[in-house]
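This is what each chain is made of:
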Amino acid sequence: MSDTPVKRQSTAAFYGQAVASFAVAMAATGVGIYQLNADAWVRGFLAIAVLYLVTSAFTLAKVIRDRQEAGQIVSRVDQARLEKLLAEHDPFEKI
């Protein structure tokens, strides 16, 4: 009666591609900031801004994931309560 969702896990290739993509993007941004023809304080500001953007993106992704997982847990608890009520209910029981 209960169809428990299978936990989806990404493949090693997808994980590797995501890590490699992130590393290439950070390296390219670092080289671009380093090669920028500007004062050191401008390059420093841009480097701090990139680091802040990266940490904000990670935080946002974690918050979204946590909210989705919490919704799944609440949904499963509600489903379990409903199944328990239906299992205990006897339609032919005299009142």
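Residues numbered from 1 in each chain as written. Predicted model: local features only at pLDDT ≥ 70, side-chain atom pairs only at ≥ 80, totals over all residues. Heavy atoms only, no water.

*Asks:* It is not clear to me how the overall build of the protein chain should be interpreted in this structure. Could you clarify?
*Replies:* Within the protein chain one finds 2 helices and 0 strands. Its C-alpha atoms give the protein chain a radius of gyration of 25 Å, more than 25% over the compact-globule value 12 Å for 95 residues. By principal-axis analysis of the C-alpha atoms, the protein chain measures approximately 85 × 30 × 10 Å. Looking at the protein chain as a whole, 3% of its 95 residues are labelled buried. Entry remark: accessible area of the protein chain is about 8900 Å², with carbon and sulfur atoms responsible for 66%. (Helix = DSSP H or I, 4+ residues; strand = E, 2+ residues; numbered from the N terminus. Rg over C-alpha atoms; globule rule 2.2 N^0.38 Å. Buried < 20%, exposed > 50% of the residue type's maximum accessible area, 1.4 Å probe, protein only. Areas by Shrake-Rupley, 256 points an atom, 1.4 Å probe, with all protein chains shown as cover.)

*Asks:* Hey, could you run me through the pattern of salt bridges in this one?
*Replies:* Opposite charge on two side chains permits them to pair, given that their charged atoms come into close proximity. Scanning the model with the defined rule gives 2 salt bridges in all. A salt bridge links Asp66 to Lys62; the nearest nitrogen and oxygen atoms lie 2.6 Å apart. Pair noted here: Asp66 and Lys62 are both in helix H2 (residues 40-88), with a separation of 4 residues, about one helical turn. Among the residues examined, Asp66 registers a relative accessible area of 29% and is labelled partly exposed. You can call Lys62 partly exposed: its relative accessible area is 45%. Salt bridges linked by common partners bring Lys62, Arg65 and Asp66 together as one network. (Salt bridge = Lys/Arg side-chain N within 4 Å of Asp/Glu carboxyl O.)

*Asks:* Teacher, can you tell me more about the packing of aromatic side chains here?
*Replies:* Each pair of aromatic rings is reported with the distance of its centres and the angle of its planes. In total, this model carries 1 aromatic pair according to the counting rule given. When the centroid spacing of 5.6 Å and the interplanar angle of 65 degrees are considered together, the rings of Phe22 and Phe58 count as edge-to-face. Of this pair, Phe22 sits in helix H1 (residues 12-35) while Phe58 sits in helix H2, and the two are 36 residues apart along the sequence. What makes Phe58 exposed here is its relative accessible area of 52%. (Phe/Tyr/Trp six-rings, centres within 6.5 Å; stacked < 30°, edge-to-face > 60°.)

*Asks:* Just checking my understanding: could you explain a nonpolar patch on the surface for this structure?
*Replies:* A cluster of nonpolar residues, Leu36, Trp41, Phe45 and Leu46, forms a patch on the protein surface that exposes about 450 Å² of accessible area. Mapped onto the secondary structure, Trp41 falls in helix H2. (Patch = residues over 30% accessible without salt bridge, like charges linked within 9 Å, V, L, I, M, F, W, Y side chains within 5 Å.)

*Asks:* Would you mind going over the environment of Asp78 with me for this structure?
*Replies:* Among the secondary structure elements, Asp78 is positioned in helix H2. Assessed through its relative accessible area of 42%, Asp78 is described here as partly exposed. For the pair Asp78 and Gln35, spaced 43 residues apart in sequence, the C-alpha separation works out to 56 Å.

In short, the description is geometric, and any link to function would need to be established separately.
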